[in-house]
Amino acid sequence: MIRPIRLSIRSFSITTKLKSSYTHVPRKTISDIHELYKSNIPITISTSHDYITSKMVDDADIDINLVGDSLANTTLGYQDTNELTIDEMLYHVKSVQRGNSKSLIVADLPFGSFEKSQKQAIESAIKLIQLGKIQAVKLEGANEDTLKTIKKLVSIGVPVMGHSGLTPQKHNTMGGYKIQGKDSENALQIYKDCLNLQKSGVFAIVLECIPNKISKFITEKLNIPTIGIGAGPYCSGQVLVISDLLGMKNPEENHIAKFVKPYANFYNLGIEGLKNYKNDVITKKFPLADEHGYKIKKEVYEQFKKEAESI
Ligand code: KIV
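Residues numbered from 1 in each chain as written. Predicted model: local features only at pLDDT ≥ 70, side-chain atom pairs only at ≥ 80, totals over all residues. Heavy atoms only, no water.

**A word on the pairing of strand E9 (residues 226-229)**
Convention followed: When a residue's accessible area, from a 1.4 Å probe over protein chains only, is under 20% of the maximum for its type it is buried; when over 50% it is exposed; and in between it is partly exposed. We count a stretch as a helix when DSSP gives it H or I for four or more residues in a row; a strand needs E for two or more, and each element gets its number in order from the N terminus. A pair of strands counts as paired when DSSP detects no fewer than two bridges linking them. By convention a crossover is right-handed if, when the strands point away from the viewer, the path from the first strand over the helix to the second runs clockwise.
Along E9, one buried face is formed by Thr 226 and Gly 228 and the opposite face, lined by Ile 227 and Ile 229, is buried too. Inspection of the sheet shows strand E8 (residues 204-208) paired to E9 by four bridges, in the parallel sense. Bridge pairing links Ile 205 to Thr 226 in E9. Regarding topology, helix H8 (residues 212-221) serves as the crossover connection from E8 to the parallel E9, and that connection is right-handed. Inspection of the sheet shows E9 paired to strand E10 (residues 237-240) by two bridges, in the parallel sense. Each bridged residue has a counterpart across the sheet, and for Gly 228 the counterpart in E10 is Gln 238.

The following block contains the structure:
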């Protein structure tokens, strides 16, 4: 008799059953994202940084799962995104990929992993795609070298998402994390950058921290989707960093940017849960013998006890 094999991934106390082929939903592609754009349906993006957050993004049917380098200063506690290496990114990309079967997965090329040469950018992108099994990369900026690199990546089959406006990897040259496009010269530069990014073949552009009217103008002029973060409601889609979106950071220690809307309060819920757990352990309300414990047959225990006590 052939026994059915029950596949499961064991992770501490959670057993995750793999989905049956009958319920298989194919992963979103860039064509699907462009279909949403053409149909005027807003594109949803959330970042995620590990298996657990990625699984939530997948189960919530978010269109694009971005492994943003914001993982550096959120999940990993670094000072800024520039501390993140390509190998650390790959480690997290792999974990996100294991948790998500339906979203298009895009990962940032971290600071220092693409600027030296086109060869370096190609190697970094291939590393993330081949070993991390993702579908596209995101690159910040639009200077001459970056545009050439993007063209090259697209030509060898690497889909690229652009990123304009506030580009956190350049916060040192930008003088901090400031709203961009506030004067007409800077706004014009952002618009030109977006036109050049589009020409270079990016499939979408993240617009970060720019005035609503500028993102609206750019969105209306481009024929690829714009994805806003702090860029107002007129973009083709929106992205938020998952720790902001779910309220995972201590609100008393962290500044919450104006453009963030927290949809949950994970931090406070987490603290409350941990405090209740500690209190239950101290007062011996957890674990309870019958509710949380495992039983052994009386005769087996008697046998064990007899032998153990004779040692
Ligand atoms: O790193 C990131 O999370 C990002 C988003 C802010 C778009 O690039």
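So much for the structure itself; the text now carries on.
**Some remarks on the pattern of salt bridges**
To keep it simple, the criterion reads: Here, a salt bridge means any side-chain nitrogen of Lys or Arg that lies within 4 Å of a carboxyl oxygen of Asp or Glu.
Under the counting rule described, the total for this entry stands at 12 salt bridges. For Asp 59, the salt bridge is made with Lys 55, and the minimal N-O distance between the two is 3.3 Å. Of this pair, Asp 59 and Lys 55 both sit in helix H2 (residues 51-59), four residues apart, which is roughly one turn of the helix. A relative accessible area of 48% means that Asp 59 is categorised as partly exposed. A salt bridge links Glu 220 to Lys 216; the shortest N-O distance between them is 3.1 Å. Here Lys 216 and Glu 220 lie together in helix H8, a separation of four residues that amounts to about one turn. We classify Glu 220 as exposed; its relative accessible area is 56%.

**Comments concerning the environment of Pro 211**
Applicable threshold: Any two residues having at least one pair of non-hydrogen atoms within 4.5 Å are treated as being in contact.
Following the sequence through the fold, Pro 211 ends up in the loop between E8 and H8. Among residues more than four places away in sequence, those in contact with Pro 211 are Ile 179, Gln 180 and Gly 181.

**Some points on helix H5 (residues 144-155)**
Quick note on the threshold: What a helix should span is 1.5 Å times the count of its residues minus one. Directions drawn from the helix axis to the C-beta atoms are what define this arc. Under this definition, polar contacts are N or O atom pairs within 3.5 Å; protein pairs additionally need one hydrogen-donor-capable and one acceptor-capable atom, and for neighbouring residues in sequence, both atoms have to be side-chain atoms.
The terminal C-alpha atoms of H5, which comprises 12 residues, lie 17 Å apart, in line with the 16 Å expected from a rise of 1.5 Å per residue. Listing the buried residues of H5 in full gives Thr 146, Leu 147, Thr 149, Ile 150 and Leu 153. Axial view of H5: buried residues confined to an arc of 160°, hence all on one face. Set apart from the buried face of H5 by more than 90 degrees, the exposed residues are Glu 144, Asp 145, Lys 151 and Ser 155. In this structure, the buried side of H5 is in contact with helix H4 (118-130), strand E7 (160-165) and helix H7 (184-200). In this structure Asn 143 caps H5, since a side-chain oxygen of it lies 3.2 Å from the backbone nitrogen of Asp 145. Once H5 finishes, Gly 157 follows within two positions and takes phi at roughly 100°, a positive value.

**Some remarks on the site of the ligand**
Note the cut-off: Working definition: residue near molecule or strand if any one of its non-hydrogen atoms lies within 4 Å of it. For the accessible areas, the method is Shrake-Rupley and the probe is 1.4 Å, while residue cover comes only from the protein chains on display. Cavity: a set of points on a 1 Å grid over the protein atoms alone where a 1.4 Å probe fits but cannot get out. Pocket: an open set with protein on both sides within 12 Å along at least five of seven lines, its lining residues, like those of a cavity, having an atom within 4 Å of a point. A cavity or pocket is said to hold a molecule if more than half of that molecule's atoms lie within 2 Å of its grid points. Polarity classes work like this: nonpolar for Ala, Val, Leu, Ile, Met, Phe, Trp, Tyr, Cys and Pro, charged for Asp, Glu, Lys and Arg, and polar for all others, with Gly in that last group.
Around the ligand, 13 residues are found, and the nearest of them are Gly 68, Asp 69, Ser 70, Asp 108 and Lys 138. Take Ser 70: an N or O atom from its side chain is 2.6 Å from an oxygen atom of the ligand. Contact between the ligand and Lys 138: an oxygen atom at 2.8 Å from a side-chain N or O atom of the residue. Here the ligand loses 95% of its free accessible area of 260 Å² to cover by the protein chains. Among the detected pockets, the ligand sits in the largest pocket. Grouping the constituent residues of the shell around the ligand by class yields five nonpolar, four polar and four charged.

**Details of the nonpolar core**
The cut-off we apply is this: We call a set of buried residues a nonpolar core when its members are Ala, Val, Leu, Ile, Met, Phe, Trp, Tyr or Cys and they connect through side-chain atoms within 4.5 Å of each other.
With 39 residues, the main nonpolar core has Leu 128 and Val 137 as its most contacted residues. If you list the elements that add at least two residues to this core, you get helix H3 (86-99), strand E5 (104-108), H4, H5, H7 and E8. Per-element accounting of this core gives the leading share, five residues, to H3. What Val 137 contacts, discounting residues up to four positions off in sequence, is Val 106, Ala 107, Leu 109, Ala 125, Leu 128, Val 158, Pro 159, Val 160 and Met 161. By size, the runner-up hydrophobic cluster in this structure holds 17 residues, among which are Ile 43, Phe 203, Ile 229 and Val 241.

**Quick word on the layout of surface pockets**
Empty space among the atoms becomes apparent when a probe as large as a water molecule is rolled across them. What counts is decided by this rule: Grid points are joined across faces, edges and corners, and a volume is the space filled by probe spheres set on the points.
Taken as a whole, the largest pocket holds about 1000 Å³ of empty space. Residue lining of the largest pocket: 42 residues in total, with Leu 166, Glu 208, Cys 209, Ala 257 and Phe 259 positioned closest to the centre. At the level of elements, E8, E10 and helix H9 (242-245) are the ones that each hand at least two residues to the lining of the largest pocket. Taken together, the residues of the lining of the largest pocket break down into 18 nonpolar, 14 polar and 10 charged.

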